[in-house]
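Here's the letter readout for the chains.
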Amino acid sequence: QRIRSQNIVPCTVSQLLAAEQVDEAFRIRDVEISQVTIMGIVRHAEKAPTNILYKVDDMTAAPMDVRQWVDTDEAGGENVVVPPGTYVKVAGHLRSFQNKKSLVAFKIMPLENMNEFTTHILEIVNAHMILRKNLMSASRVPQSFSSAGIGDMGGYGGGGSLPVNGLTAHQSQVLNLIKNCPVPEGMSLQELKLQLHNMSMSTIKQAVEFLSSEGHIYSTVDDDHYKSTDAE
Amino acid sequence: IHPTGKLFVLSDGEGKHTTVELSEPLEEEISGVLEVVGRVTNQATIMCVSYVQFREDKSPFDLEIYNEALKIIHEFPEYFPFG
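Anyway, here's the lowdown on the structure attached to this text. (Residues numbered from 1 in each chain as written. Chains lettered and ligands numbered in written order. Predicted model: local features only at pLDDT ≥ 70, side-chain atom pairs only at ≥ 80, totals over all residues. Heavy atoms only, no water.)

## Some points on the overall build of chain A
Condition: In this description a helix means any DSSP run of H or I spanning at least four residues, a strand means any run of E spanning at least two, and both kinds are numbered starting from the N terminus. Whether two residues are in contact is decided by their heavy atoms, any of which lying within 4.5 Å being enough. For accessible areas, the Shrake-Rupley method is used with a probe of radius 1.4 Å. Any residue's cover is judged against the shown protein chains and nothing else.
For chain A, the helix and strand inventory stands at five helices and twelve strands. Taking contacts inside chain A between residues at least 6 apart in sequence as the whole, the part at least 24 apart equals 59%. Carbon and sulfur atoms form 50% of the exposed surface of chain A, whose accessible area is close to 12200 Å².

## Remarks on the sheet that holds strand 4 (residues 46–53) of chain B
Residues and elements named next belong to chain B. To keep it simple, the criterion reads: If DSSP finds at least two bridges between two strands, the strands pair. Only C-alpha atoms enter the line fits that serve as axes; for helices the fit covers just the stretch in contact. Angles between N-to-C directions range over 0 to 180 degrees.
Overall, mixed pairing links the four strands, which are arranged 1-2-4-3 in an open sheet. Either end of the sheet is taken by a strand with one partner, and the two such strands are strand 1 (7–11) and strand 3 (34–40). Between one strand and the next, the sheet's axes are offset by a mean angle of 45°, whatever the strand orientation. Direction of pairing for strand 3 relative to strand 4: antiparallel, over a ladder of seven bridges. Bridging across to strand 4, Val40 finds its partner in Ile46.

## Comments concerning the packing of helix 3 (residues 169–179) of chain A against helix 5 (residues 201–213) of chain A
Residue and element names in this part refer to chain A. Here is the rule we go by: Angle categories: roughly parallel below 35 degrees, roughly antiparallel above 145, roughly perpendicular from 65 to 115, and oblique for all the rest. Polarity classes work like this: nonpolar for Ala, Val, Leu, Ile, Met, Phe, Trp, Tyr, Cys and Pro, charged for Asp, Glu, Lys and Arg, and polar for all others, with Gly in that last group.
Where helix 3 meets helix 5, the axes come as close as 9 Å, and the angle between the chain directions of the two elements is 75°. Taken as axis vectors, helix 3 and helix 5 run roughly perpendicular relative to one another. The segment helix 3 lies against helix 5, with His170, Gln171, Val174 and Leu175 engaging Thr203, Ala207, Val208, Phe210 and Leu211. Class assignment for the residues of the contact of helix 3 with helix 5 results in six nonpolar, three polar and no charged.

## Details of the environment of Gln53(B)
All names here are of chain B. Selection rule: The rule is simple: take the accessible area with a 1.4 Å probe, protein chains only, and divide by the maximum for that residue type; under 20% is buried, over 50% is exposed, in between is partly exposed. Nitrogen and oxygen atoms within 3.5 Å of one another constitute a polar contact, given that in protein one can donate a hydrogen and the other can accept it, and given that sequence-neighbouring residues count only through two side-chain atoms.
For Gln53, the location among the structural elements is in strand 4. Since its relative accessible area comes to 39%, Gln53 is described here as partly exposed. Expressed as a C-alpha distance, the spacing of Gln53 and Glu35, which sit 18 residues apart in the sequence, is 6.3 Å. From its side chain, Gln53 meets the backbone oxygen of Ser31 in a polar contact 2.7 Å long.

## A closer look at the environment of Gln171(A)
Along the chain, Gln171(A) falls in helix 3. Spatially, the C-alpha atoms of Gln171(A) and Leu211(A) are 7.1 Å apart, while their sequence positions differ by 40 residues.

## Observations regarding the pairing of strand 12 (residues 225–228) of chain A
Residues and elements named next belong to chain A. Residues His225 and Lys227 of strand 12 are buried on one face, and the alternating residues Tyr226 and Ser228, pointing to the opposite face, are buried as well. Of the pairings in the sheet, the one linking strand 10 (residues 187–188) to strand 12 comprises two bridges and is antiparallel in character. Within the sheet, the bridge partner assigned to Ser188 lies in strand 12 and is His225. Pairing of strand 11 (residues 217–219) with strand 12, which is carried by three bridges, proceeds in the antiparallel orientation. Each residue of the ladder has a partner; that of Ile217, found in strand 12, is Ser228. Taken together, strand 11 and the strand that follows it, strand 12, pair antiparallel across an intervening segment of five residues.

## Quick word on the pattern of salt bridges
Which entries qualify depends on this criterion: The term salt bridge refers to a side-chain nitrogen of Lys or Arg lying within 4 Å of a carboxyl oxygen of Asp or Glu.
The tally for this structure, following the rule as stated, stands at eight salt bridges over all chains. For Lys58(B), the salt bridge is made with Glu112(A), and the minimal N-O distance between the two is 2.7 Å. Here the residue Lys58(B) occupies a position in the loop between strand 4 and helix 1 (63–75), and Glu112(A) occupies one in the loop between strand 9 (100–110) and helix 2 (115–136), the pair thus bridging two chains. A relative accessible area of 52% means that Lys58(B) is categorised as exposed. A salt bridge links Lys16(B) to Glu14(B); its shortest N-O distance comes to 3.2 Å. The structure contains a network of salt bridges with shared partners spanning Glu14(B), Lys16(B), Glu68(B) and Lys71(B).

See the structure below:
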């Protein structure tokens, strides 16, 4: 099952060069990509009548060709060439021609705040990790997850599973008991209270509500009985 | 920066220092945050191939956070390959 990429994924040049082409699509280790962002330094800029060809270097591989089409009807404005030695953020489509990869940019912006570079490299690791996890757990019930610091270029794609260690100790305990319950109608709240002597009924109920809204458990015969979505 | 202009000392996000050597003396004044591309020598200095000064006119660059980010990306070579 492939995740169709409708998102714009931050990448390193080395990842783009390593991407395999399958029919019309590109894949980086099974994650499908099309629109990408890279961040690097302009090493070379060549202006032609219909386009500007840049070579952008992010130090993970040789500089990548980035082509920006120029609107010949518009005078000035869009057609300012970014000088070599400038750090830029490029958003564009990955292309391959005669086995050579390049980007067709729809946006090239010089970086005004170099801290964006730090964010970008972390977003690369985060995005690829999450996209890969989504592929692996594609059979799970999609859940919401919060991703800190998504840039103005948009998010990474649909649901994924929350890491179990994102739960509090109480929630983890309740979840584990429910997971390990062999009974078909699941674990009842009363049973949970019996097993968890240190927890009050309201704490247990709060934990159950949280786990249920996150999709880890679901109610069965009634609102007092729960089973885990993660049955072992 | 050394008086000859062929050597300067940089400190990184953890406060550690390193010496950068240039093949030609510096032709300009440099200050602030620099990114140096070069080779490590066996005297543990860096032989500089090129350098770039980071823009800090709009916002200062947080070198400590950048250092932390580097450590993270090195932990995940499968998601951040160095070609």
